Amino acid sequence: MKFDDTRYIVHEGCDHIFFVGFLGAGKSTLARNLGEMFHRRYVDTDRLAEKAAGKSLGDIYATDGEIYFRNIETKVLRDLRSKKSLLVSCGGGIVERAKNVELMHEMGVIVYLDGSLEDSLRQIQRVDRRPDLGTLDHARRLYEHRRPLYEAAADITIDIREKTFQQVTLASGKLLWERGLL
């Protein structure tokens, strides 16, 4: 690690920070906020998958199915190997495939935003962009299934319960800066 003329850290190699967590945890907001604070590019794997497929997430699920989407998601991750220093907001199900977790570990660190199901559901404004959410009962089962996957994948866990986006951004930025990741 070295510093450039602006005193920002310049990392060698692929050094992405991947934000994982349940739907509505604020991964995209955090990546965008930290990107603006620390002058780093941020991307969203769901948006990259939509761009690659040429259609919305809802349309991908409706016409091609979840397996097709997961294949695109894995390809999107592989494509990030040629990039540097990205803040990556990951789709909620990215941890469903062990290969995805392996790819993320090869390219950087995984930060798990650990929140409650109730907080997540309150944050979701565009249900049409969440085709795997389903009913409340299905969402609860999905949350319970994925939570241990997030925990196992995480290099860093940040508890986001009862915190505003601003509080999460400041605490995350401080933690990641202190660890030399930003």
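Residues take numbers from 1 onward in each chain, read along the sequence in its written order. Reporting in this predicted model follows two pLDDT cut-offs: at least 70 for local features of residues, and 80 or more for side-chain atom pairs to be given and counted; totals over whole chains, interfaces and linings ignore these cut-offs and use all residues. To obtain the side-chain values, all non-hydrogen atoms of the structure were included, while hydrogens and water were left out.

Q: Please explain the sheet that holds strand 4 (residues 42-44) as it appears in this structure.
A: Within a sheet, neighbouring strands are paired by backbone hydrogen bonds and run either parallel or antiparallel to one another. Pairing between strands is defined by DSSP: at least two bridges between the two strands are required. Runs of H or I in DSSP of at least four residues are treated as helices and runs of E of at least two as strands, each being numbered from the N terminus. Within the open sheet, the five strands sit side by side as 4-5-3-6-7. Their pairing is parallel. Single-partner strands in this sheet number two, and they are strand 4 and strand 7 (156-159). For this sheet the average axis-to-axis angle between neighbouring strands, irrespective of direction, equals 25°. The pairing of strand 3 (residues 16-20) with strand 5 (residues 87-89) spans three bridges and is parallel. Bridging from a neighbouring strand, Phe-18 pairs with Val-88 of strand 5. Along the sheet, helix 5 (residues 98-107) makes contact with strand 3 and strand 6 (108-114), crossing strand 6 at roughly 120°. Orientation is described by axes fitted as lines to C-alpha atoms, over the contacting stretch for helices, and by angles from 0 to 180 degrees between their N-to-C directions. By definition, residues are in contact when any of their heavy atoms lie within 4.5 Å.

Q: Which parts of the structure should I look at to understand the environment of Leu-103?
A: If you trace the backbone, Leu-103 turns up in helix 5. C-alpha separation for the pair Leu-103 and Arg-81, spaced 22 residues apart in sequence, amounts to 8.7 Å.

Q: Please explain the UniProt feature "binding site: ATP" (unreviewed entry) in the chain as it appears in this structure.
A: UniProt positions are given in the numbering used here, feature names are shortened, and annotations may be inferred rather than shown by experiment. What UniProt calls "binding site: ATP" (unreviewed entry) maps, in this numbering, to Gly-24, Ala-25, Gly-26, Lys-27, Ser-28, Thr-29 and Arg-130. Note that Thr-29 resides in helix 1 (residues 27-38). Each residue is placed in one exposure class: buried if its accessible area under a 1.4 Å probe, protein chains only, is under 20% of its type's maximum, exposed if it is over 50%, and partly exposed if it falls in between. The exposure class of Thr-29 is buried, given its relative accessible area of 19%.

Q: Looking at this model, I keep getting lost on unusual backbone geometry. Mind explaining?
A: Within the chain, His-39 stands out as a residue other than glycine whose phi angle is a positive 55°. Tracing the backbone shows His-39 in the loop between helix 1 and strand 4. The phi dihedral of Ser-85 falls on the positive side, at around 55°, and the residue is not glycine. For Ser-85, the position within the fold is in the loop between helix 4 (66-79) and strand 5.

Q: Sorry if this is basic, but what is going on with the UniProt feature "binding site: Mg(2+)" (unreviewed entry) in the chain here?
A: With numbering aligned to this structure, UniProt lists the feature "binding site: Mg(2+)" (unreviewed entry) at Ser-28. The topology assignment puts Ser-28 in helix 1.

Q: Before we go on, may I ask you to explain the nonpolar core in this structure?
A: Looking at soluble globular proteins, one finds that nonpolar side chains tend to be buried together. Core analysis: the largest hydrophobic core is formed by 24 residues, its most contacted members being Phe-18, Val-20, Leu-80 and Met-104. Elements represented by at least two residues in this core include exactly strand 3, helix 5, strand 6 and helix 7 (136-153). Here, nonpolar core refers to any group of buried Ala, Val, Leu, Ile, Met, Phe, Trp, Tyr and Cys residues whose side-chain atoms link them within 4.5 Å. Among the nonpolar cores identified, the runner-up in size contains 18 residues, and Ile-17, Phe-19, Val-111 and Ile-156 belong to it.

Q: Honestly, the pairing of strand 7 in this entry has me stumped. Any pointers?
A: It is a general feature of regular strands that their side chains alternate between the two faces of the sheet. Here strand 7 shows a clear split, with Ile-156 and Ile-158 buried on one side and none of Thr-157 and Asp-159 buried on the other. Judged from the four bridges that link them, strand 6 and strand 7 form a sheet pairing that is parallel. What sits directly across from Asp-114, in strand 7, is Asp-159.

Q: Whenever I open this one, the packing of helix 4 against helix 5 confuses me. Can you help?
A: In a packed pair of helices, the relevant descriptors are the angle between the two axes and the axis-to-axis distance. Packing of helix 4 against helix 5 leaves a shortest axis separation of 10 Å and a crossing angle of 15°. Relative to helix 5, helix 4 is oriented roughly parallel. Helix 5 is crossed by helix 4, and the crossing has left-handed handedness. When helix 4 is examined against helix 5, the residues Glu-73, Thr-74, Leu-77 and Arg-78 are found in contact with a partner set consisting of Lys-99, Asn-100, Leu-103, Met-104 and Met-107. Here the angle decides the label: under 35 degrees means roughly parallel, over 145 means roughly antiparallel, 65 to 115 means roughly perpendicular, and every other value means oblique. Crossings are sorted by hand: turned counterclockwise from the far helix by less than a right angle, the near helix makes the crossing left-handed, and turned clockwise it makes it right-handed.

Q: Explanation requested: the packing of helix 1 against helix 8 (residues 165-178) in the structure shown.
A: One way to put it is that helix 1 packs onto helix 8 with a least axis distance of 10 Å and a crossing angle of 60°. In terms of orientation, helix 1 lies oblique with respect to helix 8. Between helix 1 and helix 8 lies a crossing whose hand is right-handed. Across the interface between the two elements, Thr-29, Leu-30, Asn-33, Leu-34, Met-37 and Phe-38 from helix 1 touch Phe-165, Val-168, Thr-169, Leu-170, Ser-172, Gly-173, Leu-176 and Trp-177 from helix 8.

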